[in-house]
Amino acid sequence: MSDMTSPMSDPSKQKSPRFPKDDILAIWNRIMQYQVDFSFPLELQFYLSLGSWLEARNVVDLGTGNGYYLRQLASYFRNKFYTGIDFDERLVKEAQALSDEEAVNPNDERISYDVADVLSYTGEFSVGVARLLVQHLDSSEDLFIAARNFLKQDGTLVVIDSNDNARFFWPTDSCRQIDAFFRKFSEFQPGRNYSDSMMQSSKNYGFEIEKSQLLLIPSSLPTYKNLFHESYHLFFDIVQGHYGMPFDYESLRLELDDWARNEGSYSQIGVNLCSYRRVG
């Protein structure tokens, strides 16, 4: 899981705690699994199209959380060694336990975990994966600076982050609270737009864009509407309980439930995928 502190443009807004309480952490684990379940199958084509990824042998997952995403990568691409790092020792212990529990081969040493801060981590990896991490950093450039300490000279940084501009709910006239919530949260957590600024500034930090893609994920895919419904409920719980953003959450949840019951309703999310090659 990534560092969940974030800069606030309004001095009256306080940073959220660095480490979430146990109940919020449990919610975070659930929503991360949902996010992987409806996005990873569609992200695979991006990985399969990257020569640098296919050739890589050592991969680090930055802000790995409970390791669920890392284990999906490892199960599909079995010819690599994976390290997951996170600053929260609770999550690293859980990730290791789940890896041991799910391992087909108990002697499988392809996956390991480490308690570490992304911004001060050192290593010699071919690829670093930052999935839903950048939006939690104080500065988008921080990741480029840190990557020079854990990537090989010609290594690749894969950044996967949300694209709020692509989010859409329909019917629009019955989803006004949902739209208002996300407008407010984008101001409350400015880092949600960092992936765009990274693409613009990558050359300044010795990286060039290898490939970029906007992935649209619709609620119309089989089972996805239920995943959207559950994920957004969990997300509202996190924003209310961890970030403490003021909002009419009761009305918000009722509107989401009405949306889910409407057979003709639709939603989509956008995910920015970008790979950067280190060239300097």
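Up top is the structure these notes are about.
If you're wondering where the values come from, they're calculated on a predicted model, not measured in any experiment.

A. Highlighting the overall build of the protein. Counting its secondary structure elements, the protein contains nine helices and seven strands. Taken over C-alpha atoms, the radius of gyration comes to 19 Å for the protein, in line with the 19 Å a tight globule of 280 residues would show. Counting only C-alpha atoms and orienting by the principal axes, one finds that the protein spans roughly 50 × 45 × 35 Å. When the 280 residues of the protein are sorted by exposure, 54% land in the buried category. When the accessible area of the protein is evaluated, it comes to approximately 12,600 Å², of which 49% is carbon and sulfur surface. Positive and negative side-chain charges in the protein, numbering 27 and 40 respectively, have mean positions lying 3 Å apart.

B. Main features of helix α7 (residues 194-201). The complete set of buried residues in α7 reads Tyr 194, Ser 195, Met 198 and Ser 201. With its buried residues spanning 130° around the axis, α7 presents them on a single face.

C. Inspection of the packing of helix α6 (residues 176-188) against helix α8 (residues 224-243) at higher detail. Taken N-terminus to C-terminus, the directions of α6 and α8 make an angle of 45°; their axes are 13 Å apart at the nearest point. Taken together, the axes of α6 and α8 lie oblique to each other. α8 is crossed by α6, and the crossing has left-handed handedness. Counted together, Phe 181, Phe 182, Phe 185 and Phe 188 of α6 and Tyr 232, Phe 235, Phe 236, Val 239 and Tyr 243 of α8 form the full contact between these two elements. Here the residues of the contact of α6 with α8 sort into nine nonpolar, no polar and no charged.

D. Expanded view of the layout of surface pockets. Counted as a void, the second largest pocket has a volume near 160 Å³. Lining the second largest pocket, in full, are Asp 164, Asn 165, Arg 167, Phe 168, Phe 169, Asp 179, Phe 182, Arg 183, Ser 186 and Asn 193. Those elements that place two or more of their residues in the lining of the second largest pocket are β5 (151-170) and α6. Looking at which element gives the most residues to the lining of the second largest pocket, the answer is β5, with five residues.

E. Main features of the sheet that holds strand β3 (residues 111-115). Here seven strands make up an open sheet; going across it, the order is β3-β2-β1-β4-β5-β7-β6 and the pairing mixed. The open sheet terminates on both sides in strands that have one partner only, identified here as β3 and β6 (207-218). Each adjacent strand pair in this sheet contributes to an overall mean axis angle of 20°, direction not counted. Two strands pair when backbone bridges link them, and strand β1 (residues 58-62) and strand β4 (residues 125-131) are joined in this way by three bridges, in the parallel orientation. For Val 59, the partnering residue across the bridge sits in β4 and is Val 127. Helix-sheet contacts for helix α4 (residues 89-102) involve β2 (81-86) and β3, and the interaxial angle to β3 is about 165°.

Rules and cut-offs
Residues numbered from 1 in each chain as written. Predicted model: local features only at pLDDT ≥ 70, side-chain atom pairs only at ≥ 80, totals over all residues. Heavy atoms only, no water. Helix = DSSP H or I, 4+ residues; strand = E, 2+ residues; numbered from the N terminus. Rg over C-alpha atoms; globule rule 2.2 N^0.38 Å. Buried < 20%, exposed > 50% of the residue type's maximum accessible area, 1.4 Å probe, protein only. Areas by Shrake-Rupley, 256 points an atom, 1.4 Å probe, with all protein chains shown as cover. Lys, Arg positive; Asp, Glu negative; His and termini not counted. Charge placed at Lys NZ, Arg CZ, Asp CG, Glu CD. Arc of directions from axis to C-beta. Axes fitted to C-alpha atoms, helices over the stretch in contact; angles between N-to-C directions. Parallel < 35°, antiparallel > 145°, perpendicular 65-115°, else oblique. Left-handed = near helix turned anticlockwise from the far one by under 90°. Contact = heavy atoms within 4.5 Å. Nonpolar A, V, L, I, M, F, W, Y, C, P; charged D, E, K, R; others polar. 1 Å grid on protein atoms, 1.4 Å probe; cavity = no way out; pocket = protein on both sides within 12 Å on 5 of 7 lines; lining within 4 Å. Points joined across faces, edges and corners; volume = space filled by probe spheres on them. Pairing = 2+ DSSP bridges.

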